Amino acid sequence: RVRCGVVEDESVDDAFYIRRCVELARRAIGFTSPNPLVGCVIVKDGKIVGEGFHPKAGQPHAEVTPFLLHLKLCLQVFALRDAGNSAENATAYVSLEPCNHYGRTPPCTEALIKAKVKKVVVGMVDPNPIVASKGVARLQDAGIVVTVGVEEELCKRLNEAWIHQILTGKPFVTLRYSLSVNGHFLDQLGEGVTEAGGYYSKLLQEYDAIILSGSLSEKFSSPTSQEPGTNQPLRIVVANNPGQFPSLTTEASKTIVFADKVIAAEADLARKEIETVVLDRINLTPILEHCRCQGLCSILLDMRGSIRDLEELVRETIEQNVLQKIVVEVLPYWDESDGAESLVVLNGLVKRLEVKNLRSETSNRSLVVEGYLQNR
Ligand code: AOF
Ligand code: ZN
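A. Structural detail: the overall build of the chain. The helix and strand inventory of the chain stands at 11 helices and 17 strands. Taking all 376 residues of the chain together, the buried fraction comes to 51%. If you take every contact in the chain between residues at least 6 apart in sequence, the share linking residues at least 24 apart comes to 68%. Here the chain has roughly 18100 Å² of accessible surface; of this, 51% comes from carbon and sulfur atoms.

See the structure below:
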């Protein structure tokens with residue numbers, strides 16, 4: 001390949017287009033679960049002739065949408081030109097291996113073969129056992145050149161929760177908290193982070209469910225993502241702290257309360273018309289089971305309110321090895337206020353846990369650090 005007299009390495013372009021696929025896929029964050037986020041770009045003679053992403057579970061997969069989009073563009077711009085013709089001999093880039101099964105939608109491999117693309121570049125193999133390399137094999141059988149594993153880490157990160165859930169059958173669990181610089185837990189978040197584009201607003205959008213303490217003040221008990229038009233995670237409220245149960249409204253997000261039986265009776269939850277599960281003692285297993293049964297792939301365990309309320313759940317996620325990720329926000333002040341609690345309450349759990357692939361982001365006036373726990 002020669003451009004402006006310089007011989008270019010094709011793999012550089014491949015990475016560029018896969019990154020574009022990921023960018024497109026991200027437009028559907030919060031909408032595709034329990035399906036993955038997938039983006040697709042069709043390139044011909046160095047030009048993008050079609051783009052698409054998987055918008056929602058049950059709707060067409062990413063590979064099919066560029067043809068739909070392109071058809072629309074063609075009708076508008078070139079009137080009679082046929083979308084199928086421009087895909088002929090083109091290269092299709094897709095962030096996840098095209099499927100080869102009849103599920104809620106027909107196989108994408110067949111759509112690509114029918115469109116006569118000559119090459120397919122795949123970000124990552126689909127870990128779903130019903131696909132797992134069968135899509136690649138089908139394309140190769142049809143004489144299409146297939147490259148696999150371009151920007152693979154980026155593609156994996158895009159669907160980290162979905163991949164975990166597909167491989168283990170369990171939801172992906174993330175623990176989140178805010179700290180002062182002297183290591184005290186904080187109820188509040190950094191300035192601006194709850195607004196559209198802020199890290200907390202974007203985080204909520206990524207999760208199917210959020211677990212919150214029942215002792216959160218009313219002001220904090222209904223966190224919602226401010227990203228335009230987004231779905232809100234299911235709010236799972238854990239009520240095990242007497243006398244502090246906030247009045248919950250279910251307007252902003254669907255809510256379920258897990259209460260221990262003493263609190264349930266005290267707060268007269270039965271009359272509040274909120275779905276409630278009463279347990280002898282709050283524990284993780286029924287909550288995870290509820291999420292699994294509802295097809296919820298990702299859970300954010302949000303430590304706001306009294307850390308004592310969620311302490312037991314955090315312990316269990318670590319002991320049962322179901323905690324995947326930690327997101328810590330450090331706020332720019334020293335906090336010695338009454339009742340300030342430090343990480344000491346969680347001491348004695350495990351001697352040492354490795355946190356891998358650290359990333360950090362400074363957003364407005366806070367520092368957000370995230371990393372992944374080593375599975376034991
Ligand atoms: C998607 N979007 O763009 C691709 C997917 O139930 P179905 O028919 O929608 O199939 C879901 C599976 O298809 C999903 O678990 C994944 O393995 C595969 N690929 N899924 O939702 C897409 N390419
Ligand atoms: Zn598909």
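B. Examining helix α10 (residues 284–293) more closely. Taken together, the buried positions of α10 are Leu 284, Ile 287, Leu 288, His 290 and Cys 291. The arc that holds the buried residues of α10, viewed along the axis, is 155°, so those residues lie on one side. Looking one or two residues beyond α10, the residue adopting positive phi is Gly 295, at roughly 70°.

C. Inspection of the site of ligand 1 at higher detail. As a structural note, the neighbourhood of ligand 1 is formed by 15 residues, with Asn 35, His 61, Ala 62, Arg 104 and Asp 126 the closest of them. The contact in question runs from an oxygen atom of ligand 1 to an N or O atom on the side chain of His 61, over 2.8 Å. Between Asn 128 and ligand 1, the recorded distance is 3.0 Å, taken from a side-chain N or O atom to an oxygen atom. Computed on the free molecule, ligand 1 has an accessible area of 480 Å², of which 96% lies beneath the protein chains in the complex. Taken together, the residues of the shell around ligand 1 break down into 5 nonpolar, 7 polar and 3 charged.

D. Broad picture of the sheet that holds strand β6 (residues 119–124). If you walk across this open sheet you meet the 5 strands as β4-β3-β5-β6-β7, and the pairing is mixed. Where the open sheet ends on each side, the last strands, each with one partner, are β4 (47–53) and β7 (145–148). Mean inter-strand twist for the sheet, computed between neighbouring axes without regard to direction, equals 15°. As judged from the 4 bridges shared by β6 and β7, these two strands associate in the parallel manner. Of the residues in β7, the one forming a bridge with Val 120 is Val 146.

E. The coordination of the zinc ion (ligand 2), seen in detail. All of the protein donors around the zinc ion (ligand 2) are His 61 (ND1), Cys 99 (SG) and Cys 108 (SG); their distances to the metal are 1.9 to 2.2 Å. Between the donor residues of the zinc ion (ligand 2), the gaps in sequence give the motif H-x37-C-x8-C. Accessibility assignment for this pair places Cys 99 and Cys 108 in one class, buried.

F. Main features of the packing of aromatic side chains. According to the stated counting rule, one finds 4 aromatic pairs in the structure shown. Seen from their ring centres, Tyr 177 and Phe 185 are 5.1 Å apart, and the 70° between their planes marks the pair as edge-to-face. For the pair formed by Tyr 177 and Phe 185, the shared burial category is buried. Centroid distance Tyr 199 to Tyr 200: 6.3 Å. Interplanar angle 70°. Geometry classified as edge-to-face. By relative accessible area, which is 5% here, Tyr 199 ends up buried. An aromatic cluster of at least three residues, connected via ring pairs, comprises Phe 16, Tyr 17 and Tyr 93. If you follow Arg 304 out to its NZ or CZ, it ends over the ring of Tyr 200, 5.5 Å from the centre.

Rules used in this analysis
- Residues numbered from 1 in each chain as written.
- Chains lettered and ligands numbered in written order.
- Predicted model: local features only at pLDDT ≥ 70, side-chain atom pairs only at ≥ 80, totals over all residues.
- Heavy atoms only, no water.
- Helix = DSSP H or I, 4+ residues; strand = E, 2+ residues; numbered from the N terminus.
- Buried < 20%, exposed > 50% of the residue type's maximum accessible area, 1.4 Å probe, protein only.
- Contact = heavy atoms within 4.5 Å.
- Areas by Shrake-Rupley, 256 points an atom, 1.4 Å probe, with all protein chains shown as cover.
- Arc of directions from axis to C-beta.
- Near = heavy atom within 4 Å.
- Polar contact = N/O pair within 3.5 Å; in protein donor to acceptor, adjacent residues only side chain to side chain.
- Nonpolar A, V, L, I, M, F, W, Y, C, P; charged D, E, K, R; others polar.
- Pairing = 2+ DSSP bridges.
- Axes fitted to C-alpha atoms, helices over the stretch in contact; angles between N-to-C directions.
- Donors = N, O, S within 2.8 Å, 3.2 Å for Na, K, Ca; no water.
- Phe/Tyr/Trp six-rings, centres within 6.5 Å; stacked < 30°, edge-to-face > 60°.
- Lys NZ or Arg CZ within 6 Å of the ring centre and 35° of its normal.

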